[in-house]
Amino acid sequence: LEALEAVMRGSPLEAPPLEEVWHWLAANERIARCASFCEHGAFRAALDAEAAAEGGDEVLVRWDAARRELKRVQKECTWNASYLRVVELPLRNLDSDDVLEAGSMPSVVKGLMRSLQKIYCTSAYFREERMAQLLRRVLKAMVSKASGVLVGAYRIARPSQGIGAAMRAAEQLHDGFQAFVDNHFISQSSSASSPSRPSTTPSAKGSAS
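Calculation notes
- Per chain, the residues get numbers from 1 upward, laid out in the order the sequence is written.
- At least 70 in pLDDT is required for a residue's local features to be given in this predicted model, at least 80 for side-chain atom pairs to be given and counted, and no such filter applies to totals for whole chains, interfaces and linings, which use all residues.
- Side-chain metrics in this entry use all non-hydrogen atoms of the structure; hydrogen atoms and water are not considered.
- Stacked, edge-to-face and tilted labels apply to pairs of Phe, Tyr and Trp rings (six-membered ring for Trp) whose centres lie within 6.5 Å, assigned for plane angles under 30 degrees, over 60, and everything in between, in that order.
- Elements are defined by DSSP. Helices are runs of H or I of four residues or more, strands are runs of E of two residues or more, and each kind is numbered from the N terminus.
- Per-residue accessibility, obtained with a 1.4 Å probe over protein chains only, is compared with the maximum for each type, and a residue is labelled buried under 20%, exposed over 50%, and partly exposed between these values.
- Whether a charge lies above a ring is judged from NZ of Lys or CZ of Arg, which has to be within 6 Å of the ring centre and within 35 degrees of the ring normal.
- Among buried residues, the Ala, Val, Leu, Ile, Met, Phe, Trp, Tyr and Cys ones that are joined through side-chain atoms within 4.5 Å form a nonpolar core.
- Whenever a carboxyl oxygen of Asp or Glu lies within 4 Å of a side-chain nitrogen of Lys or Arg, that contact is scored as a salt bridge.
- Helix axes are fitted only over the stretch in contact, all axes being lines through C-alpha atoms; the angle between N-to-C directions runs from 0 to 180 degrees.
- Angles below 35 degrees are treated as roughly parallel, those above 145 as roughly antiparallel, those between 65 and 115 as roughly perpendicular, and all remaining angles as oblique.
- Left-handed describes a crossing whose near helix is turned anticlockwise from the far helix through less than a right angle; right-handed describes the clockwise counterpart.
- Note on definitions: a residue-residue contact is assigned when non-hydrogen atoms from the two residues lie within 4.5 Å.
- Three categories are distinguished: nonpolar for Ala, Val, Leu, Ile, Met, Phe, Trp, Tyr, Cys and Pro, charged for Asp, Glu, Lys and Arg, and polar for the others, with Gly belonging to the last.
- What the arc measures is the spread of directions leading from the helix axis to the C-beta atoms.
- Expected helix span is computed as 1.5 Å times (number of residues minus one).

Colleague: Any details on the packing of aromatic side chains? Residues and values, ideally.
Modeller: Here a ring pair, both rings aromatic, is described through the centre-centre distance and the interplanar angle of the planes. Inspection of the entire model under this criterion finds two aromatic pairs. Taken together, a centroid distance of 5.5 Å and an interplanar angle of 45° make the contact between Y120 and F185 tilted. Of this pair, Y120 sits in helix α7 (residues 105-122) while F185 sits in the loop between α9 (163-182) and α10 (188-192), and the two are 65 residues apart along the sequence. In this structure, Y120 and F185 share a single accessibility class: buried. Note that R127 overlies the ring of Y120, its terminal NZ or CZ placed 5.1 Å from the centroid.

What follows is the structure, encoded as structure tokens:
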């Protein structure tokens, strides 16, 4: 149960957005191994032996509840890993130092946001506050990249990378942030209405997907 709780907490809120993808990919494998182990005949025999030693069914009742929780979490991990695997590459590209040099930041951000919107609209689990947290991480990563590239006021006349490169980087950042704004899909009221992570019970909208 401790392992399940750790999985459902997700990656640390201060971690880069790519960490959230890696968290669910790793969690999916970890929970699948746990489920496979729990289905092994030797495990069931040990469980029955413990129940017999204690002279009651309490052990089996507790295990049945834990098994149901394991299956529920495994289902969520499978779906989250499947969905978030789609945005692993664009998040890698966004994190890369080459995204500005290649002039691709606006298109990377636009594609990423559209993929996240599809996840938001079709996933039964990755919704409301959980998605809002991921979007905040994406924005924080963009701000961090901008702070490392933009020239300070005292060097604006003679940027170290040259005036042409500095202007191109600034234009890329401007268009990248504009792409984030233009393709943002969660209203402030929607995310504010869910102070904690959303319920892991599939919604009707997600169940229909």
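Colleague: Go over the nonpolar core, please, and point to the residues and values.
Modeller: Grouped together as the largest cluster of nonpolar side chains are 43 residues, with contacts concentrated most on L116 and M131. If you list the elements that add at least two residues to this core, you get α1 (2-9), α2 (17-38), α4 (58-84), α5 (88-95), α6 (98-101), α7, α8 (128-149) and α9.

Colleague: Please give an account of the pattern of salt bridges that cites residues and values.
Modeller: With the rule as written, the count across this model stands at six salt bridges. Among the salt bridges present, the one from R72 reaches E69, with a minimum N-O distance of 2.5 Å. Within this pair, R72 and its partner E69 are both found in helix α4, separated by three residues, close to a single helical turn. Taking relative accessible area as the criterion, E69 reaches 27% and is therefore assigned partly exposed. Between E129 and R136 there is a salt bridge, with its nearest N and O atoms 2.5 Å apart.

Colleague: Give me the lowdown on the packing of α1 against α2, citing residues and values where you can.
Modeller: Contact geometry for α1 and α2: axes closest at 10 Å, N-to-C directions at 160°. One element, α1, and the other, α2, form an angle in the roughly antiparallel class. Relative to α2, α1 is oriented so that their crossing is left-handed. Between α1, through A3, L4, A6, V7 and M8, and α2, the contact on the second element is made entirely by H23, W24, A27, R30 and I31. Taken together, the residues of the contact of α1 with α2 sort by class into eight nonpolar, one polar and one charged.

Colleague: Mind laying out α5, listing which residues take part and the relevant values?
Modeller: Inspection of α5 places E88, P90, L91 and L94 among the buried residues, and these make up the whole buried set. One side of α5 carries all its buried residues, which in axial view fall inside an arc of 170°.

Colleague: Outline α7, listing residues and values.
Modeller: Helix length check: α7, at 18 residues, gives a terminal C-alpha distance of 26 Å against a target of 26 Å (1.5 Å per residue), a fit within 8%. For α7, the set of buried residues is M105, P106, V108, V109, L112, M113, L116, I119 and Y120. Seen end-on, α7 carries its buried residues on one side only, within an arc spanning 160°.

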